[in-house]
Amino acid sequence: MPGDARSVAIGGKDGREGRWATKFAGHFVLSGNRRFFRVVVWAFVFAAMLIAGWLLLSVVVGDDLSRQNDAGIGEYEKLTRRSIELIAQLERQVTAEACSPAFLDGMRKLAFLPDGINSILYAQDGAIACTSNAGKLDRKVEFGAPDLAASETAANLDIWFDRPQGPLGLPGEIGTIVGGNGFLVTMPEISAPEGPFGRSSREIIFRVDDKRWISRSGRKGLYAAAGMVGISGFNWAEWSFYGRDCGELGLYCAASRAPLSEVIASRPFQIGGFLAFACIVAFFVGGLADRGMRSYWSLPQRFVRGLTAERVECVYQPVVQMETGAIVGIEVLSRWRDADGRLVFPDTFLPIVNDRGLSRRLTEIVIGKARKELAQHLPADMELQVAFNISPRDYKYDFLRPLFDGHEPDTARLGYIVEIVETESFDLSSIKLEMMRLRRQGVRTYIDDFGVGFSNIGNLAELPIDGVKLDRGFSMAPQGSLWANMLPRALELVGSAGHRVVVEGVETAERFEMLKKNRHATFVQGYFIARPMPVEALVTFLKSYPASGPAGTEQPVAASALNIVDFGRLKR
């Protein structure tokens, strides 16, 4: 019986909705797992926010490390640049005899400029002969071969790293000597400013080439470690950020390290605020996604998208002529295959059809598919009356006539009936005209669900109808109830008007036998005879159906008459 369940699961449909989107819908939406889906979306968005936050944090920390590196490199490059300029200036201005008083005065004038360099040396034959601080030395001081020869440096200068300055008149001090062509300058030890992550988290090196460098200050090994981190700038083994930069001269480079714990400790409010913001955004987006998915995968939306001939299925319920006991007709009922493969009944989808104005589309699909199936499967010598339920708003000759034209072969032996339900807007004059035009084309009209709603006994006399189908509330009502007692009177009322009467909803042998004795009951249908079935099962049933009449079993329906009337109307 259509309407006895909302849906049933059907398996074994190879190729039906096998795509991932269908499985997704079936698991997350159709199965009622929306809360889980929302959590998944929340987690996904939160993870995306964390990734975005991590990338932002990497950029911010990278900038901090670059500033820390630049601050350290800057001091070294400043002195190096000044040393190069000073040596060039000495060569231009101090031209007196080497280590003479005039020569020493010229060196001292340049040594006391406010540039951070206060020690100028002059070398002869590879040894220091005089200095701006000690004057002419009694004995020349040899420093040996330079740590880096001029040919090895981009500045084209010899360099001696970290040499004691005591023999040169500066006891207790250590400096780096840079020079060329006789003049040398002493660069003092540099104390680079401390960065946001501490001085021990930075190393400054003098770069010889891409593979060689000399550590100048800070924590040795950081520059090499930073070179192995890669483009991400984060060492997952140490949970630390690394940054590496070189100065404009290309002589000095620096590497800095920032442990994640120190990064978090340095900006707790910003990170905590971002996490809270990420939670809020994820919750908001999760809610939007949930509402969007619920709307997209709601039954109305799924039905509108899936109202196709492939998803609409026709089932057929036999109709028995009481006088002969033979099956003379069938009623075509529709089912709809949902996206997850479940079969949905009319009591569920017909309200959507009416609300969305899809009745014509559904009618076209059902009539076209039923005619095609019957033409392909019914024996060529079998004649049947085929009944379709039509919405009163679609009961138009111009709409229905093309649907019943002989487009399908082997359908001439089939007669067609359209069943309509009386409504409040039943216009007798227009309905009468449509009935007469359809009758001339061989299409009969029955009034469906007579006895409830807007059923009018006067219309039976006014309209050229071919038959009346009593509402199933009469035949399905419990024995002895008011509805059951009214059944004989309803049959007599309609039969007396000269119309054929179809009684649907016959569920028991007792009800069938009672109708068999009533001369006004022309046709019956119901579970006692057969349930609605696919066309293949219908053909098998028709071949095995006994000529003497139905041999069904009693299948009582435990429902009140009111409930039966409510869902009995929705049966297309």
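Figured I'd write up the structure that's included with this text. (Residues numbered from 1 in each chain as written. Predicted model: local features only at pLDDT ≥ 70, side-chain atom pairs only at ≥ 80, totals over all residues. Heavy atoms only, no water.)

Below, the discussion takes up the overall build of the chain. Per the secondary structure count, the chain includes 17 helices and 21 strands. Taking all 572 residues of the chain together, the buried fraction comes to 50%. The contacts of the chain with a sequence gap of at least 6 include a subset with a gap of at least 24, amounting to 65%. When the accessible surface of the chain is totalled, it reaches about 27,900 Å², and 55% of it is carbon and sulfur. (Helix = DSSP H or I, 4+ residues; strand = E, 2+ residues; numbered from the N terminus. Buried < 20%, exposed > 50% of the residue type's maximum accessible area, 1.4 Å probe, protein only. Contact = heavy atoms within 4.5 Å. Areas by Shrake-Rupley, 256 points an atom, 1.4 Å probe, with all protein chains shown as cover.)

Another point: the pairing of strand E11 (residues 240-246). Counted residue by residue, E11 has five buried out of seven residues, so it is predominantly covered. Relative to E11, strand E10 (residues 234-235) runs antiparallel, the two sharing two bridges. Each bridged residue has a counterpart across the sheet, and for Asn235 the counterpart in E11 is Ser240. Judged from the seven bridges that link them, E11 and strand E12 (residues 252-259) form a sheet pairing that is antiparallel. The residue of E12 that forms the bridge with Ser240 is Pro259. (Pairing = 2+ DSSP bridges.)

Moving on to the sheet that holds strand E6 (residues 174-180). The strand order E4-E3-E2-E7-E6-E5 describes an open sheet built from six strands, whose pairing is antiparallel. Because the sheet does not close on itself, it has two edges, and the strands there are strand E4 (135-142) and strand E5 (158-164). Sheet twist, expressed as the average angle between the axes of neighbouring strands with direction ignored, equals 30°. In this structure, strand E2 (residues 120-124) lies alongside strand E7 (residues 183-188), joined through three bridges in antiparallel fashion. Each bridged residue has a counterpart across the sheet, and for Ile120 the counterpart in E7 is Val185. On the sheet, helix H3 (residues 101-111) packs against E2, strand E3 (127-131), E4 and E7 and is oriented at approximately 140° with respect to E2. (Axes fitted to C-alpha atoms, helices over the stretch in contact; angles between N-to-C directions.)

On to the packing of aromatic side chains. Remark: the centre distance and the inter-plane angle together describe each pair of aromatic rings, the angle taken between the planes. Evaluation of the coordinates by the stated rule reveals 24 aromatic pairs. Note on Phe512 and Phe528: the rings are 5.3 Å apart at their centroids and 40° apart in plane angle, and the pair reads as tilted. Residue Phe512 is located in helix H15 (residues 509-516), and its partner Phe528 is located in the loop between strand E21 (523-525) and helix H16 (535-544); the two are separated by 16 residues in the primary sequence. Judged by its relative accessible area of 6%, Phe528 falls in the buried class. (Phe/Tyr/Trp six-rings, centres within 6.5 Å; stacked < 30°, edge-to-face > 60°.)

Before going further, it helps to examine the state of the cysteines. Covalently bonding the sulfur atom of one cysteine to the sulfur atom of another cysteine gives a disulfide. The final tally for this structure, using the stated rule, is two disulfides. With a sulfur-sulfur separation of 2.3 Å, Cys99 is cross-linked through a disulfide to Cys130. Between Cys99 and Cys130, the S-S torsion sits near -80°, and that sign places the bridge as left-handed. Taken together, the residues span a long stretch of sequence, with Cys99 in the loop between helix H2 (34-93) and H3 and Cys130 in strand E3 at a distance of 31 residues. (Disulfide = S-S within 2.5 Å.)

By the element assignment, Ile159 lies in strand E5. Sequence separation between Ile159 and Ala145 is 14 residues, and the spatial gap between their C-alpha atoms is 9.2 Å. Other than its neighbours up to four places away in sequence, Ile159 contacts Pro146, Asp147, Leu148, Thr153, Thr176, Ile177, Val178 and Phe206.

For the rest of this paragraph, the subject is the environment of Phe399. Checked against the element boundaries, Phe399 lands in helix H10 (residues 397-403). Along the backbone, Phe399 and Glu364 are 35 residues apart, and their C-alpha atoms lie at a distance of 9.3 Å.

Attention now goes to the nonpolar core. One broad rule of soluble globular proteins: the nonpolar side chains tend to lie buried together. Tyr316, Leu374, Phe388, Leu470, Leu515 and Val524 are the most contacted members of the largest nonpolar core, which has 73 residues in total. Here this core gets six residues from one element, more than from any other, and that element is helix H9 (residues 359-377). Ranked by size, the runner-up nonpolar core spans 33 residues in total, among them Leu90, Phe161, Val185 and Ala254. (Core = buried A, V, L, I, M, F, W, Y, C linked by side-chain atoms within 4.5 Å.)

The subject of this paragraph is empty space enclosed by the protein. This structure, assessed with the given rule, holds three cavities of 30 Å³ or more. What the largest cavity holds in volume is close to 70 Å³. Lining the largest cavity are Thr80, Ala155, Leu157, Ile159, Phe161, Thr176, Val178, Met187, Phe206, Leu251 and Tyr252. Broken down by secondary-structure element, the contributors of at least two residues to the lining of the largest cavity are E5 and E6. Partitioning the lining of the largest cavity into residue classes produces nine nonpolar, two polar and no charged. (1 Å grid on protein atoms, 1.4 Å probe; cavity = no way out; pocket = protein on both sides within 12 Å on 5 of 7 lines; lining within 4 Å. Points joined across faces, edges and corners; volume = space filled by probe spheres on them. Nonpolar A, V, L, I, M, F, W, Y, C, P; charged D, E, K, R; others polar.)

Hydrogen bonds between backbone groups are what pair the strands of a sheet, and the pairing can be parallel or antiparallel. Taken together, the five strands give an open sheet; going across it, the order is E9-E8-E12-E11-E10, and neighbouring strands pair in antiparallel fashion. Edge positions in the sheet fall to strand E9 (213-218) and E10, since each of these pairs with one other strand and no more.

A separate point is the pattern of salt bridges. Evaluation of the coordinates by the stated rule reveals 22 salt bridges. A salt bridge links Glu85 to Arg82; its shortest N-O distance comes to 3.9 Å. Remark: Arg82 and Glu85 occur in helix H2; sequence separation between them is three residues, near one turn of the helix. Among the residues examined, Glu85 registers a relative accessible area of 42% and is labelled partly exposed. Its relative accessible area of 15% is what places Arg82 among the buried residues. The partner of Asp290 in a salt bridge is Arg294, with the nearest N and O atoms 3.2 Å apart. Taken together, the residues span about one helical turn, with Asp290 and Arg294 both in helix H6 (residues 268-296) at a distance of four residues. Taking the relative accessible area as the measure of exposure, Asp290 reaches 6% and is therefore buried. By relative accessible area, Arg294 is classed as partly exposed at 38%. (Salt bridge = Lys/Arg side-chain N within 4 Å of Asp/Glu carboxyl O.)

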